[in-house]
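The primary structure of each chain is shown beneath.
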Amino acid sequence: MALFEKKSQRNAYLLGAGVALALLCFFIVSKYLSFPGPCHSPWNDHVRKRDLAAMIHKDLMTSVEMEKSAVIALTDEESRAFAEKTRMASKAVDTRFHQLESLVFEGKSTEELKLMDEFSKSWAELRNVDELILDLAVKNTNLKAARLSMVEGSDALERFEKALERIVGRCHRSSSKECGIFQPVFTALTSCHAIDRLLVIHNAESATAAMDRLEKTIKTKEDAVSGALRALSSQVGGENRKDLALAESAFSDFIGIAERVITLSRTNSNIKSLELSLGKKRILAAQCSEILSSFENHLRWKSGMATK
């Protein structure tokens, strides 16, 4: 019985020693032969690169669409909301591109490294243009100028017109010398309306030289209105003088609004952002998309080679 127990203990020791030796051999072989695990196999890396490239392409297109929406948005709130979505999509491109770049560096494929370098340069340039576009888009200066002209400007112009119409109405009912007011009233009204139209043209203009010329014409029309109002001042009296004062006040308000419109129009944020969006941004986005397509085509080619 004792002999049997000793034999069983010896077999247990031998079995334990054998298991320990096997584990030791496994760790030595794993360390020095460096067998790749399933998570780092060439095929898994290939699939991961393919998926990352597709997601980057999708995020790039989202960024482009959100930026366009920010440019054409009609309110500051909408512009800011779309600008934030653009930046989020661009950040996603950055994150996934760094992951893809790491995999490409590990694989050391000359063609893939070349495409990553090309994308990196085009994407960096596109991001710079994007920030410029978004900074301009959220200012909405041309939209603000248009609203200012249509709302406050129109109100001042209407007050100006009504004051002069009351003066003309009294003249029709009178045979006095005040009936000589028709010419200066006509000049004042037509010149003021001309300024209103010129402000619309100014707000749509992008060239500095053209805006300079428009502002000179506006100043000429302003002087014409001022001269007409001075001529009226020497011809009217009584109730007409009160309405003339109201007309002068309304015109002063109108010119103050016109100056604000011109300042906003000069900034030209909506027009500049739209020009960049339809011009340089479109070209850079197309370059980035083409590079990603080339990268995806390269991966498909490698997949085909691997299965042959």
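Considerations on the pattern of salt bridges
Inference 1: Tallying each qualifying case throughout the model produces 23 salt bridges.
Inference 2: The salt bridge involving Asp 59 is made with Arg 96; its shortest N-O contact spans 2.4 Å. One end of the pair, Asp 59, is in helix 2 (residues 42-72); the other, Arg 96, is in helix 3 (residues 76-107), with 37 residues separating them in the sequence.
Inference 3: Because the salt bridges share partners, they merge into one network encompassing Glu 67, Asp 130 and Lys 281.

Topic: the nonpolar core
Inference 1: Membership of the largest hydrophobic core comes to 34 residues, with the highest contact counts inside it found for Phe 160, Leu 164, Ile 181, Leu 229, Phe 251 and Phe 254.
Inference 2: Of all the secondary structure elements, the ones that give two or more residues to this core are helix 5 (141-172), helix 6 (182-204), helix 7 (208-233) and helix 8 (239-267).
Inference 3: If near-sequence neighbours (up to four positions away) are discounted, Phe 254 is found in contact with Gly 153, Ala 156, Leu 157, Cys 192, Ile 195 and Asp 196.
Inference 4: Counting residues in hydrophobic clusters, the runner-up holds 26 residues, among them Leu 52, Leu 60, Val 64 and Cys 288.

So, a nonpolar patch on the surface
Inference 1: On the surface, Ile 72, Leu 274 and Leu 278 cluster together into a nonpolar patch covering about 300 Å² of accessible area.
Inference 2: Mapped onto the elements of the fold, Leu 274 is located in helix 9 (residues 269-278).
Inference 3: Take Leu 274: its relative accessible area is 37%, and that puts it in the partly exposed class.

Topic: the packing of aromatic side chains
Inference 1: This model, assessed by the stated rule, comprises three aromatic pairs.
Inference 2: Relative to Phe 119, the ring of Phe 97 has its centre 5.1 Å away and its plane inclined at 45 degrees; by these criteria the two rings are tilted. In this pair, Phe 97 is assigned in helix 3 and Phe 119 in helix 4 (residues 110-137), connecting sequence segments 22 residues apart.
Inference 3: Centroid distance Phe 119 to Trp 123: 6.2 Å. Interplanar angle 10 degrees. Geometry classified as stacked. Residue Phe 119 and its partner Trp 123 are both found in helix 4; the two are separated by four residues, about one turn of the helix.
Inference 4: An aromatic cluster of three or more residues is present, and its members are Phe 97, Phe 119 and Trp 123.

Focus on helix 8
Inference 1: Taking 1.5 Å per residue as the helical rise, helix 8 with its 29 residues ought to reach 42 Å, and the 43 Å between its terminal C-alpha atoms agrees with that figure.
Inference 2: Trailing helix 8 by a residue or two, Asn 268 shows a phi angle of about 55 degrees, which is positive.

A few points about the side chain of Thr 141
Inference 1: With respect to the helices, strands and loops of the structure, Thr 141 is situated in helix 5.
Inference 2: On the basis of relative accessible area, Thr 141 is assigned to the buried category, the value being 6%.
Inference 3: At a separation of 3.5 Å, a polar atom in the side chain of Thr 141 contacts the main-chain amide nitrogen of Asn 268.
Inference 4: Each residue touching Thr 141, except ones within four places of it in the same chain, is listed here: Leu 264, Thr 267, Asn 268, Ser 269 and Asn 270.

Here is what the cut-offs are and how they apply
- Residues numbered from 1 in each chain as written.
- Predicted model: local features only at pLDDT ≥ 70, side-chain atom pairs only at ≥ 80, totals over all residues.
- Heavy atoms only, no water.
- Salt bridge = Lys/Arg side-chain N within 4 Å of Asp/Glu carboxyl O.
- Helix = DSSP H or I, 4+ residues; strand = E, 2+ residues; numbered from the N terminus.
- Core = buried A, V, L, I, M, F, W, Y, C linked by side-chain atoms within 4.5 Å.
- Buried < 20%, exposed > 50% of the residue type's maximum accessible area, 1.4 Å probe, protein only.
- Contact = heavy atoms within 4.5 Å.
- Patch = residues over 30% accessible without salt bridge, like charges linked within 9 Å, V, L, I, M, F, W, Y side chains within 5 Å.
- Areas by Shrake-Rupley, 256 points an atom, 1.4 Å probe, with all protein chains shown as cover.
- Phe/Tyr/Trp six-rings, centres within 6.5 Å; stacked < 30°, edge-to-face > 60°.
- Expected span 1.5 Å × (residues − 1).
- Polar contact = N/O pair within 3.5 Å; in protein donor to acceptor, adjacent residues only side chain to side chain.

Note that every value here comes from positions in space, so none of it alone points to a role or purpose.
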